[in-house]
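# Tertiary structure, described
This is what each chain is made of:
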Amino acid sequence: MSVIKAEVLGYCMGVRRAVTMAQEALKAARGMHRVYTLGPLIHNPQVLEQFRGQGLEVLDETKLPEDLESVVVVIRAHGISPQLETALAYKGAHLVDATCPIVKKSQMKARFLTDAGYCIFLAGERHHGELIGIQGYAPACLVVADPGEATKQAETLYHRAPTTKTALLGQTTIAPDEYQGIAKAIQAYFPHLEIIDTICKATRDRQQALSQLCPQVDALLVIGGKESANTRRLLAIAQAQGKQAWLVEGLADIPPEICMYPVVGLAAGASTPDKLIDLIEKALSKGLNPH
Ligand code: SF4
């Protein structure tokens, strides 16, 4: 069997940076201070397990302890709201801000537009950590998940305040056609809508690399966490191209029938570590039965 890897795969800049910052925070704490992340650092069970073993604990933001004196809290790549940041600092936590710079840019833009009097439409998954954080910078924003919701919200706003200045921001991982659809729905009521390009290239690059890989292979393994939205999207893209494809979190998930395919492609989500990709590539290249 031969194995071809997608040209772009695995850790994006923001995730790699957050993982490195968490490792450095653990090293600096030298077991003398507790180190937390707010929610899981990344959507990858192996990496999380490894971090747990090194003493990194996960903090639930809805149940913050009263006293966080001498505690280190790593803010993950999704970022958090300024209100939560203040609450953590007030409780005495030492913050390590691993918010992805691209997400930070969206947060700053949301604050700037709010201060400039814009009504912001925020496109994406309402309960995603990134969107919750951005909403803290634009408390009056309207979150819209799809064009249908965008139409409803824009219509209501138009009847209430037809001359409002409006702007559109999106989740960094939103699909470009979905973002355009939402923009079009709002423009039907607010033609002067300011559309801010907040889509991260990392997601697009991994999707494009996978699309280029599909015609060259007989089957595909998409490596990544089942909880990772961008990994699941890669799987859907491969399947939409008519490829037999599986999402695998580790060696144990590799389906035995993969051995029937002469050329196998490998793709990986933005939170998949290089080590895991190498491990799976080696197992397949050696023609080893992974079980
Ligand atoms: S996908 Fe993009 S925005 Fe999200 S963490 Fe990675 S680099 Fe940052």
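The model shown is predicted, which means the values in this text are computed figures rather than measured ones.

## Observations regarding the packing of helix 8 (residues 201-213) against helix 9 (residues 229-240)
Packing of helix 8 against helix 9 leaves a shortest axis separation of 10 Å and a crossing angle of 25°. The angle between helix 8 and helix 9 places the two elements in the roughly parallel class. In the packing of helix 8 onto helix 9, the handedness of the crossing is right-handed. From helix 8, Arg206, Gln207, Leu210 and Ser211 reach across to helix 9, where they touch Arg233, Leu234, Ile237 and Ala238. Split into classes, the residues belonging to the contact of helix 8 with helix 9 amount to four nonpolar, two polar and two charged.

## What about the environment of Tyr118?
Locating Tyr118 in the fold gives a position in the loop between helix 4 (101-115) and strand 6 (119-123). In this structure the C-alpha to C-alpha distance between Tyr118 and Cys141, which are 23 residues apart in sequence, comes to 9.1 Å. Those residues in contact with Tyr118 that sit more than four places away from it in its chain are Leu113, Lys165, Thr166, Ala167 and Glu194.

## Observations concerning the sheet that holds strand 10 (residues 219-223)
Overall, parallel pairing links the four strands, which are arranged 1-12-10-11 in an open sheet. Whereas interior strands pair on both sides, the edge strands pair on one side only; in this sheet they are strand 1 (2-5) and strand 11 (244-248). Taken over all neighbouring pairs, the strand axes of this sheet differ in orientation by 25° on average, direction set aside. Relative to strand 11, strand 10 runs parallel, the two sharing five bridges. Bridged to Ile223 within strand 11 is Val248.

## Regarding the site of the ligand
Contacts to the ligand come from Cys12, Gly14, Cys100, Ile102, Thr172 and Cys200. Cavity membership is defined here by more than half of the atoms lying within 2 Å of grid points; on that basis the ligand lies in the largest pocket. Looking at side-chain class alone, the shell around the ligand contains four nonpolar, two polar and no charged residues.

The rules behind each value
- Residues numbered from 1 in each chain as written.
- Predicted model: local features only at pLDDT ≥ 70, side-chain atom pairs only at ≥ 80, totals over all residues.
- Heavy atoms only, no water.
- Axes fitted to C-alpha atoms, helices over the stretch in contact; angles between N-to-C directions.
- Helix = DSSP H or I, 4+ residues; strand = E, 2+ residues; numbered from the N terminus.
- Parallel < 35°, antiparallel > 145°, perpendicular 65-115°, else oblique.
- Left-handed = near helix turned anticlockwise from the far one by under 90°.
- Contact = heavy atoms within 4.5 Å.
- Nonpolar A, V, L, I, M, F, W, Y, C, P; charged D, E, K, R; others polar.
- Pairing = 2+ DSSP bridges.
- Near = heavy atom within 4 Å.
- 1 Å grid on protein atoms, 1.4 Å probe; cavity = no way out; pocket = protein on both sides within 12 Å on 5 of 7 lines; lining within 4 Å.
- Sits in = over half its atoms within 2 Å of the grid points.

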